[in-house]
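# Structural overview for review
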Amino acid sequence: QVQLVESGGGLVQAGGSLRLPCAASGRTSSSYGMGWFRQGPGKEREFVAAINWNGGRTIYVDSVKGRFTISRDNAKNTVYLQMNSLKPEDTAIYYCAATSFRLAPRTKPNEYGHWGQGTQVTVSS
């Protein structure tokens, strides 16, 4: 089992940056592929970014490509989502998730068995 705790959310102006860490405890994070999802007001949860077990492969939703970067530090059991050039439409609760599919990044919520509690990101115009 792995427990996930996100942090780093907050209020930022459009064009600003935030970095969201996701700390894993319990089973080591290198046993899992990791992903970030978000859920905006009145919207369904959507995929944002994912990374495989060693950080060698990543994948992003088109709307964040070139602005967001997912990375991981297995020595610290932490995954990060660096968000630059933020837009009001990025406003959402951001969730970190872990999947037992380690080799290739996964994009579907039902492929992830472990979830954090979420952290709110609000981007003002």
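Residues numbered from 1 in each chain as written. Predicted model: local features only at pLDDT ≥ 70, side-chain atom pairs only at ≥ 80, totals over all residues. Heavy atoms only, no water.

### Remarks on the sheet that holds strand S8 (residues 78–83)
Ordered by their spatial adjacency, four strands build an open sheet running S1-S3-S8-S7, and the pairing between neighbours is antiparallel. One side of each edge strand has no neighbouring strand; the edge strands of this open sheet are strand S1 (2–6) and strand S7 (68–73). The sheet shows a mean angle of 20° between the axes of neighbouring strands, direction not considered. Pairing geometry for strand S3 (residues 18–26) and S8, over six bridges, is antiparallel. Bridging from a neighbouring strand, proline 21 pairs with tyrosine 80 of S8. (Pairing = 2+ DSSP bridges. Helix = DSSP H or I, 4+ residues; strand = E, 2+ residues; numbered from the N terminus. Axes fitted to C-alpha atoms, helices over the stretch in contact; angles between N-to-C directions.)

### A few points about the side chain of aspartate 90
For aspartate 90, the location among the structural elements is in the loop between S8 and strand S9 (92–99). A distance of 2.9 Å separates polar atoms of two side chains, one belonging to aspartate 90 and the other to arginine 38. Excluding anything up to four places from it in sequence, aspartate 90 contacts Arg38, Arg67, Phe68, Ser85, Val121 and Val123. (Polar contact = N/O pair within 3.5 Å; in protein donor to acceptor, adjacent residues only side chain to side chain. Contact = heavy atoms within 4.5 Å.)

### A few points about the nonpolar core
Nonpolar side chains tend to gather and get buried jointly when the protein is soluble and globular. If you look at the biggest cluster of nonpolar residues, it comprises 27 residues, and the most contacted ones within it are Met34, Trp36, Leu81, Met83 and Tyr94. Of all the secondary-structure elements, those providing two or more residues to this core are S1, S3, strand S4 (33–39), strand S5 (46–51), S7, S8, S9 and strand S11 (119–124). The contact partners of leucine 81, leaving out residues within four places of it in the chain, are Leu18, Arg19, Leu20, Trp36, Val48, Ala49, Phe68, Thr69, Ile70 and Tyr94. One finds Phe37, Phe47, Ala97 and Tyr112 within the second-largest nonpolar core, a separate group that totals five residues. (Core = buried A, V, L, I, M, F, W, Y, C linked by side-chain atoms within 4.5 Å. Buried < 20%, exposed > 50% of the residue type's maximum accessible area, 1.4 Å probe, protein only.)

### Regarding unusual backbone geometry
The phi angle at asparagine 77 is positive, at roughly 50°, despite the residue not being glycine. Checked against the element boundaries, asparagine 77 lands in the loop between S7 and S8. A positive phi angle, close to 50°, is found at serine 85, a residue other than glycine.

### A closer look at the pairing of S9
Of all eight residues that make up S9, seven are buried, and the element is covered over most of its length. Pairing of S4 with S9, which is carried by seven bridges, proceeds in the antiparallel orientation. Looking at S9, one finds that glutamine 39 is bridged to isoleucine 93. Note that S9 and S11 share three bridges and pair antiparallel. By the bridge assignment, alanine 92 is partnered in S11 with valine 121.

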